[in-house]
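# Descriptive analysis of the structure
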Amino acid sequence: LLFSSSSFAYGNHASWSQNRGGMNLPYLFTTQSEVISSQLSIISTDQDAEQFNQSFSGLGFKTELGTEVFKFARFSTYHLYRDTAANEDESLRGSEIGGEIKLSFYGPVLNIQFGLGINGSRLLYQNPTDSRYYYGTGYVGSVGFERFLASKASVLFTIKGQNETLRPEESAYKEEVSLSSVGGAFGLILWLD
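Nothing here was measured: the structure is a model prediction, and the numbers come from that model. (Residues numbered from 1 in each chain as written. Predicted model: local features only at pLDDT ≥ 70, side-chain atom pairs only at ≥ 80, totals over all residues. Heavy atoms only, no water.)

Turning our attention to the pairing of strand E2 (residues 51-69). Relative to E2, strand E1 (residues 27-44) is paired through 17 bridges, and the arrangement is antiparallel. Among the inter-strand pairings, Tyr27 is bridged to a residue of E2, identified as Thr67. Hairpin connection, E2 to strand E3 (residues 73-87): the antiparallel pair is bridged by 3 residues, and Phe70 has positive phi, about 55°. (Pairing = 2+ DSSP bridges. Helix = DSSP H or I, 4+ residues; strand = E, 2+ residues; numbered from the N terminus.)

What follows is the structure, encoded as structure tokens:
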């Protein structure tokens, strides 16, 4: 269908992008796969005051629902599940829920997006001798490149950076925890207006 003569002659990224949404406030459903690299830092606040740093890398799967106003501002909520590991014995996994605002700028070949968001997460850290949950909040910034494949479908490549402040779920642990992440993602957007 995408390569049929009528679609090729009358439809392309520029025209599909210009004719999207508008005043109808379309619904956007996005499914996205991410590659994530994170740096976990744990500082003990008891008398020992020890610091622990570890790098994790892995994959994430994100689903997102949003809308777009005036073909420019996008508002969305999302859920991200991340599965990262430092090695075969040490992992950091869990869910993240958040919201984002993205500004989308039209281009004849690609649209470019700049986004900011906030999130809350609950992550499980595991190693052979320990297992504990951390929860907290953070913020994320992103730059994305979008191309329409059809009038109701587009693909999106995103680069993001994220910082989170976490704390142990069990009050017995006296720790200050931070998580910094960078990543790249590829997603499919369905326009449901």
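Now that the structure has been shown, we can carry on.
Bridge count between E2 and E3: 13 bridges; the pairing is antiparallel. Among the inter-strand pairings, Thr67 is bridged to a residue of E3, identified as Phe75. Here E3 runs beside strand E4 (residues 90-105); their pairing, made up of 14 bridges, is antiparallel. The residue bridging Ser76 from the neighbouring strand is Glu100, located in E4. From the end of E3 to the start of E4, which pair antiparallel, there are 2 residues.

What follows covers the sheet that holds strand E7 (residues 153-168). Sheet architecture is closed into a barrel: 8 strands sit in the order E1-E2-E3-E4-E5-E6-E7-E8, paired in antiparallel fashion. When strand polarity is set aside, the average angle formed by the axes of neighbouring strands in this sheet is 20°. Sheet topology places strand E6 (residues 130-150) next to E7; 16 bridges connect them, and they run antiparallel. Directly across from Glu146, in E7, lies its bridge partner Leu156. (Axes fitted to C-alpha atoms, helices over the stretch in contact; angles between N-to-C directions.)

Note that all results are geometric; they support no functional claim without further evidence.
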